[in-house]
Every structure is written in C-alpha cells, then in structure tokens.
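Structural overview
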Amino acid sequence: MRNTVLIPTYRRPQDLSRCLLALQKQTKPVDQVIVVVRDTDTETWQFLAQYTTHNLPLHTVKVAEPGVVAALNAGLAVVEGDIVSITDDDAAPHSDWLERIAAHFICDSCIGGLGGRDWVHHGSKLEDESRPLVGRLQWFGRVIGNHHLGVGEPREVDILKGVNMSFRTQAIGQMRFDERMRGTGAQVHFEMAFTLALKRAGWKIIYDPNVAVDHYPAQRFDEDQRNNFNEIAFINLVHNETLALLEHLPFIRRIVFLFWAVFVGTSDSLGLVQWLRFLPSQGQLAGKKLLASWRGRWQGYKQFVIRNS
C-alpha cells in the first residue's frame, strides 16, 4: 500500500526539520510527503528552499487561508497514497510508525482510521503516565481523550488526535475537515468532527499505542496559547466541540448532552458544577471560563441549527 504523510506547518522550521528527519528514518519508506505552508510564512519557505530532501519525496502546497482545517483540506486534494497519515510539524514519528500503520490497514479492510500515542515532551520531562481508556465518547456527550497516555492492546475508539492519525483514502473519499471549525491556527477539536463522521459512515476507528510519535508542543501563533486563558480561544474550543457532538449524537442524547454541558461540563468546557469546583482556586478566572463556555455552547448550537434547519 502506498503511503502519504501530510504535515500542516506554520512558522516552525526547526520543528519541521526534526519531523522530516524522522520520516527519513522510517523502516517502511514513505511514498509521498506533503507539507502545507501558509503563503505568508517566509521562515518556512526559506527553510524549504534550502532543505536537502535526502530522497524524501517532498511536495509543498501553498495555502492562503489561516487554520489547520484549510491546510489539511488543501493537502488532501493532492494525496496519492492508499493511506494518508497526518502528523504535526512539532512531532517526530517513531521509526516503525509507517510500518505499523500499513500492517493495520492491510490486516483489516474495515479500518477507516487509525491513531496512536503521542509521547509528550516538555523540555527534558516526558509525560509517561498511563491510561487504559482512550478516545471515547460517553453516551451523554463527555469526551475522554488520553491519546498521549494510552496503553494496552489495539482497540476501537470514537475519536483520534490530530498529531497522530491515519486514514484509508478509500474510506474518506471526498470527505474533508469541517470548515465551520473556528480558530485561526489550531482549531481545537477539528479531528473530532472528522473521525466521528467517519465512524458514522460505518468504518472502524482503531487506537494502537504502539503506533507512536514523539510530540514536542511548540509555540502557537494564534489566539490559542495552550495553557493560558484566552476568551476567544476558549469560546472557539467549546463551539467546535459542541458543533461536532451535536452533528454526531442522536436526538435524545443531543438533549441530554446540552443539559449536561450547561449544568456540569468538564475542566475544559465548564458548566455550573465545574465552575463551583474551580471557584475557590481560580476566583474570577473560573467565572470568565464559565461565561466563555456558555457562549461557545450557544454559538455551536446556533451553527448546528443553521446547518440542519
């Protein structure tokens, strides 16, 4: 099976260099590497102009619109492989990454999507905890991630993580990442909408922690600065999650999810219960997060209604 690796990048040439070096060391040679670069990203264009490919079949795609969704959709338009494997510029796939990916897709023709663990590095510190429950959507709408902590045997999941996910091109067909996802960079939860849609279409989504990449979370150049609160980024995150889940859940579960989200929520998307939980330690910040969460829920709901009215 021919494999394509798709990498969206923005202003992180040193990270991209490490990622491309890891692809050169694969035990199964890559057939096509697509790097999608913003038209205004002079740093990356300068790096690529001087880059020695070392027999890496490297193709560049230019995109004018900001955000990971536009970048990935531009890349998908020129994919030639039977499998497309997506990773971030700040990740470095393990040497057997493509070999393990191909083995899964060859062994089971019902697999449409495959993901694995991203080993997160914070400087010299490695996140090495373990969680058996990964990538699941609970019946009332709570999402359990833990892709960076997963252990155990390969198993079916509901959701993959953007830094380490692969798809059978026959399965995705003309599917594209949802352009309604908000944000000008990371567009958090964009992969949730895509993998849930693939699952609705009847394809298996598999998580295997041995299909691994090293992940070195790098600086973002948009409103989403990871662990620092930004109201716009917070609203966008909750909007994207809400829209993806409302599109996926059946009617009764949709209603349950909305009530649960508003009155309970999670540490990332607060409801009343979570606000009370964080109020003693975060004070006014907890209130800002609650209001941003509710705005995101409402805006995601309105977007869903517009699409389905």
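Residues numbered from 1 in each chain as written. Predicted model: local features only at pLDDT ≥ 70, side-chain atom pairs only at ≥ 80, totals over all residues. Heavy atoms only, no water.

Some points on the overall build of the protein
Operational definition: By the criteria applied, helices consist of DSSP H or I runs no shorter than four residues and strands consist of E runs no shorter than two, each listed in order from the N terminus. Two things to know: the radius of gyration comes from C-alpha atoms, and the globule rule equals 2.2 Å times the number of residues to the power 0.38. Only protein chains enter the accessibility calculation, which uses a 1.4 Å probe. A residue is then buried if its area is under 20% of the maximum for its type, exposed if over 50%, and partly exposed in between. Note on definitions: a residue-residue contact is assigned when non-hydrogen atoms from the two residues lie within 4.5 Å. The accessible surface values rely on the Shrake-Rupley method and a 1.4 Å probe; as for residues, cover is taken only from the protein chains in view.
A tally of regular secondary structure across the protein gives 10 helices and 14 strands. Rg of the C-alpha trace for the protein: 19 Å, near the compact-globule value of 19 Å for 309 residues, within the 12% margin. The dimensions of the protein, computed from C-alpha atoms along their principal axes, are 55 × 40 × 40 Å. In the protein, which comprises 309 residues, the proportion classed as buried is 51%. Pairs at least 24 apart in sequence give 75% of the contacts found in the protein among residues at least 6 apart. Of the roughly 14,200 Å² of accessible surface on the protein, 53% is carried by carbon and sulfur atoms.

A short note on the pattern of salt bridges
For the record, the criterion: Here, a salt bridge means any side-chain nitrogen of Lys or Arg that lies within 4 Å of a carboxyl oxygen of Asp or Glu.
Per the counting criterion, the structure on display carries 16 salt bridges. For D158, the salt bridge is made with R136, and the minimal N-O distance between the two is 3.5 Å. With a gap of 22 residues between them, D158 in the loop between β11 (155-156) and β12 (164-168) and R136 in strand β9 (residues 136-137) connect regions that are remote in the sequence. For R136, a relative accessible area of 30% corresponds to the partly exposed category. Salt-bridge contacts for D178 lead to R180; the nearest nitrogen and oxygen are separated by 2.7 Å. Of the two residues, D178 and R180, neither departs from the other in class, the shared state being buried.

Here's the deal with the side chain of T87
In plain terms, the rule: The term polar contact refers here to a pair of N or O atoms within 3.5 Å; inside protein, the definition further demands a hydrogen-donor-capable atom paired with an acceptor-capable atom, and it admits residues adjacent in sequence only when both atoms are side-chain atoms.
By the secondary structure assignment, T87 is in strand β4 (residues 83-87). Assessed through its relative accessible area of 0%, T87 is described here as buried. At a separation of 2.8 Å, a polar atom in the side chain of T87 contacts the main-chain carbonyl oxygen of V163. Ignoring anything within four residues of it in the chain, the contact list for T87 reads V5, L6, I7, P8, C19, P93, W97, G162, V163 and V213.

Considerations on the state of the cysteines
Our working definition: By convention in this document, the label disulfide applies to cysteine sulfur atom pairs within 2.5 Å.
Tallied over the entire structure, the rule returns 0 disulfides. Cysteine C107 shares no disulfide, and the gap to the nearest cysteine sulfur, in C110, comes to 13 Å. By relative accessible area, C107 is classed as exposed at 70%.

Focus on unusual backbone geometry
The backbone of R11 shows a phi angle near 60°, a positive value even though the residue is not glycine. Summarising the element assignment, R11 is placed in the loop between β1 (3-9) and α1 (13-24). In this structure R11 comes out as partly exposed when scored by relative accessible area, which is 32%.

Observations concerning the UniProt feature "domain: Glycosyltransferase 2-like" (unreviewed entry) in the protein
Keep this limit in mind: UniProt positions are given in the numbering used here, feature names are shortened, and annotations may be inferred rather than shown by experiment.
Within this numbering scheme, the UniProt entry marks residues 4-107 as carrying the feature "domain: Glycosyltransferase 2-like" (unreviewed entry). What you have in residues 4-107 is 39% helix and 26% strand, and the ends, taken at the C-alpha atoms, are 19 Å apart.

With respect to the sheet that holds strand β5 (residues 91-93)
Note the following rule: Two strands pair under a simple rule: DSSP has to find at least two bridges between them.
Spatially, β5-β14-β7-β8 is the arrangement adopted by the 4 strands of the open sheet, whose pairing is mixed. Unpaired on one side and paired on the other, β5 and β8 (125-126) mark the two borders of the sheet.

Digging into the environment of G112
With respect to the element layout, G112 can be found in strand β6 (residues 111-115). Distance in space between the C-alpha atoms of G112 and L270 is 32 Å, their sequence separation being 158 residues. Apart from the residues lying within four places of it in its own chain, the contact partners of G112 are F105, S166, F167, R168, A171, L198, W203 and K204.

As for the packing of aromatic side chains
The condition is simple: In summary, the pairing rule links any two rings of Phe, Tyr or Trp, Trp by its six-membered ring, whose centres are within 6.5 Å, and it sorts them by plane angle into stacked for under 30 degrees, edge-to-face for over 60 and tilted for everything else. We count a charge as sitting over a ring when the NZ of a lysine or the CZ of an arginine lies within 6 Å of the ring centre and within 35 degrees of the ring normal.
The full count for this structure, using the stated rule, is 10 aromatic pairs. On the basis of an interplanar angle of 45° and a centroid distance of 5.4 Å, the ring pair of F47 and Y51 is categorised as tilted. Per residue, the accessibility class of F47 equals that of Y51, and both read buried. Aromatic side chains W139 and F140 sit 5.6 Å apart centroid to centroid with 85° between the ring planes, which places their arrangement in the edge-to-face category. With a relative accessible area of 55%, W139 lands in the exposed category. Here F140 falls in the buried class, since its relative accessible area comes to 17%. Three or more aromatic residues link up through ring pairs in this structure, and these residues are W139, F140, F257 and W260. Positioned over the ring face of W45 is K62, at 5.5 Å from the centre of the ring. It is R117 that lies over the ring of W119; its NZ or CZ is 3.5 Å from the centre.

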